Amino acid sequence: MDKRAVKAWIMYDWANSAYATTILAAVLPVFYASVAAATVDKDTAASYLAYTHSIGMLCVALLTPLLGTLADLSGRKGNFLRVFTVIGVVATLGFSVIGEGDWLLASALLVLSTIGFAGGNTFYDAMLPDLVPAERRDMVSSQGYAYGYIGGGLLLAINLLMIQQPGWFGLPDTLAGTRLAFVSVALWWLLFSIPIFRYAPTRPASPELPASWTGYAKVGVRRLRQTFGQIRRFPQLLRMLVAFWFFNDGINTIILMATIYGTSIGIGTSDLMLALMLTQFIGFPCTLLLGAWAQRWGAKRVLIVSLSVYICIVILGYFMTQALHFYILAGLVGVVQGISQSTARSLFSNLMPAGRTGEYFGFVNITGKFASIFGPFVFGYVGQITGSTRWGILSLIFFFAAGIVILLMVNVQKGIQDAGLADQEEQERIRGLNTVRKATEIPFTS
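If you're wondering where the values come from, they're calculated on a predicted model, not measured in any experiment. (Residues numbered from 1 in each chain as written. Predicted model: local features only at pLDDT ≥ 70, side-chain atom pairs only at ≥ 80, totals over all residues. Heavy atoms only, no water.)

Visitor: Explain the overall build of the protein here, please?
Guide: Each helix and strand counted, the protein has 18 helices and 0 strands in total. In terms of overall size, the protein behaves like a compact globule, its C-alpha atoms giving a radius of gyration of 22 Å where 446 residues would be expected to give roughly 22 Å. For the protein, the spread of C-alpha atoms along the principal axes amounts to about 85 × 45 × 40 Å. Within the span of the protein, comprising 446 residues, buried residues form 53% of the whole. Contacts in the protein between residues at least 24 apart in sequence constitute 84% of all its contacts with a sequence separation of at least 6. If you sum the accessible surface of the protein, you get close to 19,700 Å²; carbon and sulfur atoms cover 67% of it. One way to put it: in the protein the 31 positive side-chain charges average out to a point 8 Å from where the 22 negative ones average out. (Helix = DSSP H or I, 4+ residues; strand = E, 2+ residues; numbered from the N terminus. Rg over C-alpha atoms; globule rule 2.2 N^0.38 Å. Buried < 20%, exposed > 50% of the residue type's maximum accessible area, 1.4 Å probe, protein only. Contact = heavy atoms within 4.5 Å. Areas by Shrake-Rupley, 256 points an atom, 1.4 Å probe, with all protein chains shown as cover. Lys, Arg positive; Asp, Glu negative; His and termini not counted. Charge placed at Lys NZ, Arg CZ, Asp CG, Glu CD.)

Here you go:
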């Protein structure tokens, strides 16, 4: 195990989590409504932002399975991560020049930055099996999420000070602080990505690697079609995937709707932002601690416990009435959010053939993104027909309960054996192809 590469991999979570906290969660939604879409009414601005998120995630869902396949063929996941990171950084930097009424430019940049962020994460996740043996993946995956909490939370704290106290930084007003926050995220993301650019792991290129981009596309599409057909060979992976569809949809809905839900029951913006920071800093030690537990007691067991806590969070959220309650729930989310996502990632990496992790993580990405439309829809629909967002938040119990039930049916050891056997078969096939290729290159001599 290359310790420098592992540290570089962990540091990338520190790098790009600044985008998740400052851009997606805290600053951009307010900036979009008050500046970029200032020339349209608030409801229209909110709709434009929602549509933009949908378009961006659709692009990611369509692109990453194919690109993951190509990364597996080339053995150069790091190269693809570098390209997507640069796309995200440049687009994020572009937010700093958006003027009043430039909602179309803001939307275009958000789509590009979403592609860079979420698309890059596909290759980042797929590197884990190349870096770490199976018995260490739970801990290392947890360390990535934990350091992401600190990195994202630290820059968010600085950025909120820039915006709320611009004079402390020699800035004329809040808008200038917001623009500087966008610049800081781009530079932070790029600077702390340099280690993974240098030490990203590589695998031998496949003998199927084509010589042209046209050939890349043909081989990529063919292998992607094979993935759809072959995933039935891995029943444990398939069960894990279905469980992931449910519980990840619940987690994403809480992330996306928490601020709106808090606002709807009368909690102020400053309390909402402070609670978001609380989640980040509680997440760091808890993700590390629970990651050690996952390594000792098993990722599946710890994941089930964390999802059970989410059910408690949803129930308590139904009865929430004041800011103190929101802080308590934010703290609970900080305890389990990182470990639930990191254990899911390590479980997936153990259940996938090692030579096709880019391909399979791309498959998880595309199906997960399409599955994630149901949670927000159910939240909104239940809230609309009942006239209360409280019933909307309570409806999320179904997603976590369904995820737990299906997860209980996953036999992790059997899944690891299935993935190992498939990987051996793939290596034998590749050796056969290499043998044939070498034979055709040797001239006949008498």
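Visitor: Got a minute to help me understand the nonpolar core in this structure?
Guide: Soluble globular proteins tend to bury their nonpolar side chains together. Ranked by size, the top nonpolar core spans 114 residues in total, and within it Met 240, Phe 247 and Phe 400 carry the most contacts. In terms of residues, this core owes the most to one element, helix H1 (residues 3–36), which gives 18 residues. The contacts of Phe 247, once residues within four sequence positions are left out, are Met 240, Leu 303, Leu 307, Ala 344, Phe 399, Phe 400 and Gly 403. (Core = buried A, V, L, I, M, F, W, Y, C linked by side-chain atoms within 4.5 Å.)

Visitor: What is the right way to look at the environment of Ser 141 in this model?
Guide: Within the element layout of this structure, Ser 141 appears in helix H6 (residues 137–164). Sequence-wise, Ser 141 and Ile 255 are 114 residues apart; in three dimensions their C-alpha atoms are separated by 20 Å. When residues no more than four places from it in sequence are discounted, the contact partners of Ser 141 are Trp 9, Leu 128, Ser 342, Arg 345 and Ser 346.

Visitor: Please explain the pattern of salt bridges as it appears in this structure.
Guide: Note on pairing: side chains with opposite charge can pair once their charged atoms come close. One pass over the structure, following the stated rule, counts 4 salt bridges. The shortest N-O distance in the salt bridge between Asp 125 and Arg 345 comes to 2.9 Å. One end of the pair, Asp 125, is in helix H4 (residues 103–126); the other, Arg 345, is in helix H13 (residues 323–351), and 220 residues separate them in sequence. Residue Asp 125 is classed as buried on the basis of its relative accessible area of 17%. (Salt bridge = Lys/Arg side-chain N within 4 Å of Asp/Glu carboxyl O.)

Visitor: For this particular structure, what's the right way to read the environment of Ile 311?
Guide: The topology assignment puts Ile 311 in helix H12 (residues 299–319). Looking at Ile 311, the relative accessible area reads 18%, which means it is buried. Linking Ile 311 and Phe 400, residues 89 residues apart in sequence, is a C-alpha distance of 6.5 Å. Every residue in contact with Ile 311, bar those within four places of it in the chain, is listed here: Ile 397, Phe 400, Ala 401 and Ile 404.

Visitor: Would you mind showing me how to read the confidence of the model for the protein here?
Guide: For residues with low pLDDT, the predicted coordinates do not support detailed interpretation. In this model, the protein carries an average pLDDT of 85, and 91% of its residues clear a pLDDT of 70 or more. The spread of mean pLDDT over the elements of the protein runs between helix H9 (residues 213–230), the lowest at 71, and helix H7 (residues 174–191), the highest at 96. (pLDDT = per-residue confidence, 0-100.)

Visitor: Help me understand the packing of helix H11 (residues 269–297) against H12 in this model?
Guide: Running from N to C, H11 and H12 point in directions that differ by 135°, and their axes come no closer than 7 Å. The angle between the axes of H11 and H12 places the two elements in the oblique class. Facing Leu 290, Trp 293, Ala 294 and Trp 297 of H11, the residues of H12 in contact are Ala 299, Arg 301 and Val 302. For the contact of H11 with H12, the per-class residue count stands at 6 nonpolar, no polar and 1 charged. (Axes fitted to C-alpha atoms, helices over the stretch in contact; angles between N-to-C directions. Parallel < 35°, antiparallel > 145°, perpendicular 65-115°, else oblique. Nonpolar A, V, L, I, M, F, W, Y, C, P; charged D, E, K, R; others polar.)

Visitor: When you look at the side chain of Ser 306 in this model, what are you seeing that I'm missing?
Guide: Positionally, Ser 306 belongs in helix H12. Of note is the side chain of Ser 306, whose polar atom sits 2.7 Å from the backbone oxygen of Leu 303. The contacts of Ser 306, once residues within four sequence positions are left out, are Val 336, Ile 339 and Ser 340. (Polar contact = N/O pair within 3.5 Å; in protein donor to acceptor, adjacent residues only side chain to side chain.)

Visitor: Explanation requested: a nonpolar patch on the surface in the structure shown.
Guide: Nonpolar side chains collect at one region of the surface, where Leu 154, Ile 158, Leu 161, Trp 168, Phe 169 and Phe 281 lie side by side and expose about 550 Å² of accessible area between them. The element best represented in the nonpolar patch is H6, accounting for 3 residues. Under the relative-accessibility criterion, Leu 161 is labelled partly exposed at 36%. (Patch = residues over 30% accessible without salt bridge, like charges linked within 9 Å, V, L, I, M, F, W, Y side chains within 5 Å.)

Visitor: Looking at this model, I keep getting lost on the packing of H1 against H6. Mind explaining?
Guide: Direction vectors running N to C along H1 and H6 enclose 40°, while the axes themselves pass 6 Å from each other. Considering the angle they form, H1 stands oblique to H6. Two packed elements cross with a definite hand, and for H1 against H6 that hand is right-handed. Residues that form the contact of H1 with H6 fall into these classes: 15 nonpolar, 10 polar and 1 charged. (Left-handed = near helix turned anticlockwise from the far one by under 90°.)

Visitor: Sorry if this is basic, but what is going on with helix H3 (residues 77–94) here?
Guide: Along an α-helix, residues three or four apart share an orientation, since each turn contains 3.6 residues. Taking 1.5 Å of rise per residue, the 18 residues of H3 would be expected to cover 26 Å, and the 26 Å separating its terminal C-alpha atoms lies within 8% of that figure. Along H3, the positions that sit buried rather than exposed are Lys 77, Gly 78, Phe 80, Leu 81, Phe 84, Thr 85, Gly 88, Val 89, Ala 91, Thr 92 and Gly 94. (Expected span 1.5 Å × (residues − 1).)

Visitor: I'm lost on the packing of aromatic side chains in this one. Help?
Guide: Centre distance and the angle of the planes are the two values used to describe a pair of aromatic rings. Across all of its chains, the model carries 22 aromatic pairs by this definition. An angle of 45° between the planes, with centres 5.4 Å apart, marks the rings of Tyr 19 and Trp 189 as tilted. Residue Tyr 19 is found in helix H1, and its partner Trp 189 is found in helix H7; the two are separated by 170 residues along the sequence. The exposure class of Trp 189 is buried, given its relative accessible area of 0%. Aromatic pair Tyr 48 and Trp 103: ring centres 4.3 Å apart, planes at 25°, arrangement stacked. Taken as a pair, Tyr 48 in helix H2 (residues 42–74) and Trp 103 in helix H4 lie far apart in primary sequence, 55 residues in all. For Tyr 48, a relative accessible area of 26% gives the class partly exposed. Of the residues examined, Trp 103 reaches a relative accessible area of 26% and is grouped as partly exposed. (Phe/Tyr/Trp six-rings, centres within 6.5 Å; stacked < 30°, edge-to-face > 60°.)

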